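Here's the letter readout for the chains.
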2 protein chains.
Amino acid sequence: MPKHVRHKVRRVAQRGHYDAPTIHAILDAGWVAHVSFADPAGQPFVIPMLYAREGESIYLHGSIASRLMKTVGEGIATCLCVTHVDGLVLARSHFHHSMNYRSVVAFGKAVAVVDPTEKAAIFARFVDALIPGRAAESRPADKNELAATALLRFTIEDASAKVRSGGPKDDPADRDLAVWSGVVPISPHYAEPVAADDAAPGVPVPGSVQRLFATGAEKERAA
Amino acid sequence: MPKHVRHKVRRVAQRGHYDAPTIHAILDAGWVAHVSFADPAGQPFVIPMLYAREGESIYLHGSIASRLMKTVGEGIATCLCVTHVDGLVLARSHFHHSMNYRSVVAFGKAVAVVDPTEKAAIFARFVDALIPGRAAESRPADKNELAATALLRFTIEDASAKVRSGGPKDDPADRDLAVWSGVVPISPHYAEPVAADDAAPGVPVPGSVQRLFATGAEKERAA
């Protein structure tokens, strides 16, 4: 376990992971990061935000008028968390009920990205983080759109992952209770796409969306 | 919009909601809250935690040895957020890509619950928050289990909900682009239950789990 990590996994230590591949895979499987910071009085805030990762950078975006973007963009200490719920763990006892999940807690600071060319490239990355391949299917941001959007680059200084998987851990003393025990797996389910009210007539559902419904696509995203 | 709310929804103000039924419904549809607080140096932390709601109380639990439980249980300013991802919003332009979601940000403080009878009842509530009806199917916590678990009651002082639903909002100037636009709905999917390796032989999948697979059950949870 690296010494500099601010959030060491102390409870059930074998669930903790500190390697970049594990941390990156969990981050890349998500859409929403919970971003937290404190005001000078110590009042914490936690806000859900879309994000896109590139190396040790996590990009966040918002309106240039957003107070949050201004506050976090000043480079104050920031912490963010991404969590995936993978299953309900049902034990014989109340005490051993749990969830299967994967989560990452990352600490760092954010700076504003201002160069328009760089901003446009990050915009495209956001769209592909929503659904891979979508950036190439849709119109890139123009000058006005780039100017209206604040982009922050949060740099991961340290991070930890926590993963629980597998079945319940019942007490041996409970073995003979006639109570079902096991896991109900949970994963995101994509329903049939709904075209916009003003959708362009005759335009088919694009490749990015079709691939969501291809066998194994959900697993690939989660893996 | 109530004056005392710390997190007013300023960007796209029509997405903001401040009524208890909306806030409670979003909280009750979730499993994991992202709980944030700051240390005395202003360093923020955000940690995913299971929770159960009762009125304006949100219960959190953890090991009595957990630093987090001790820190938050001292009654410091705490903020938590619950978010549900409801769909990918695909527009003709990068700029108008978005997600459909429901989120609640709540501010308050937590105190430890120490009375064993009260703790046992809250334990049961946690199990039913995981999957309704499960508490009655499994063994309640005993004295040792109650003693090993720290329970916190976070009281909501103010909260706001933010909801985006519906299709993309494309620019009129983009109408003629031959780009598919619309929404891919997302919801939690429960897969076939997996019995534990040491499952009691001959015990059928219980009612709580069967109800997850009944038609409309997911909608009821999300509603």
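Heads up: these notes are all about the structure in this document. (Residues numbered from 1 in each chain as written. Chains lettered and ligands numbered in written order. Predicted model: local features only at pLDDT ≥ 70, side-chain atom pairs only at ≥ 80, totals over all residues. Heavy atoms only, no water.)

Each copy superposes on the other: chain A lies on chain B with an RMSD of 0.0 Å after a rotation of 180° and an axial shift of 0.0 Å. On the angle and the small slide along the axis, the relation comes out as a two-fold axis. Interface residue correspondence from chain A to chain B reaches 100%, placing this contact among same-surface, isologous pairings. (Least-squares fit on C-alpha atoms with pLDDT ≥ 70 in both. Contact = heavy atoms within 4.5 Å.)

Right, let's talk about helix α1 (residues 20-28) of chain B for a bit. All names here are of chain B. Among all positions of α1, only Ile23, His24, Ile26 and Leu27 are buried. Seen end-on, α1 carries its buried residues on one side only, within an arc spanning 165°. For α1, the secondary structure elements touched by its buried residues are β1 (16-17), β3 (44-54), β4 (57-63), β5 (78-90), β6 (98-113) and β7 (149-164). (Buried < 20%, exposed > 50% of the residue type's maximum accessible area, 1.4 Å probe, protein only. Helix = DSSP H or I, 4+ residues; strand = E, 2+ residues; numbered from the N terminus. Arc of directions from axis to C-beta.)

Our focus in this paragraph is the interface of chain A and chain B. Counting from both sides, the interface comprises 91 residues of chain A and, opposite them, 91 residues of chain B. Taken over both partners, the interface formed by chain A and chain B buries close to 7500 Å², and the fraction arising from carbon and sulfur atoms is 66%. When the area that chain A buries against chain B is broken down by residue, the three leading residues are His94, Arg139 and Trp180 of chain A, summing to 11%. Joining chain A to chain B, the criterion identifies six salt bridges. In this structure, Arg92 of chain A engages Asp198 of chain B in a salt bridge whose closest nitrogen and oxygen atoms are separated by 3.5 Å. Scanning the region where chain A abuts chain B turns up 31 residue pairs in polar contact (both at pLDDT 80 or more). At the level of elements, β2 (32-38), β3 (44-54), β5 (78-90), β6 (98-113), α3 (116-130), β8 (182-190), β9 (194-195) and α5 (207-212) of chain A are the ones that each hand at least two residues to the side of chain A that touches chain B. Class assignment of the residues belonging to the side of chain A that touches chain B gives a composition of 57 nonpolar, 20 polar and 14 charged. Examined bridge by bridge, β8 of chain A and strand β8 (residues 182-190) of chain B share five bridges and lie antiparallel to one another. (Buried area = accessible area lost by both parts, 1.4 Å probe. Salt bridge = Lys/Arg side-chain N within 4 Å of Asp/Glu carboxyl O. Polar contact = N/O pair within 3.5 Å; in protein donor to acceptor, adjacent residues only side chain to side chain. Nonpolar A, V, L, I, M, F, W, Y, C, P; charged D, E, K, R; others polar. Pairing = 2+ DSSP bridges.)

To continue, consider the environment of Thr155 of chain B. Residue and element names in this part refer to chain B. Position of Thr155 among the secondary structure elements: in strand β7. Between the C-alpha atoms of Thr155 and Arg53, which are 102 residues apart in sequence, the distance is 9.8 Å. Once you skip the residues sitting within four places of it in the chain, Thr155 turns out to touch Glu56, Phe107, Gly108 and Lys109.

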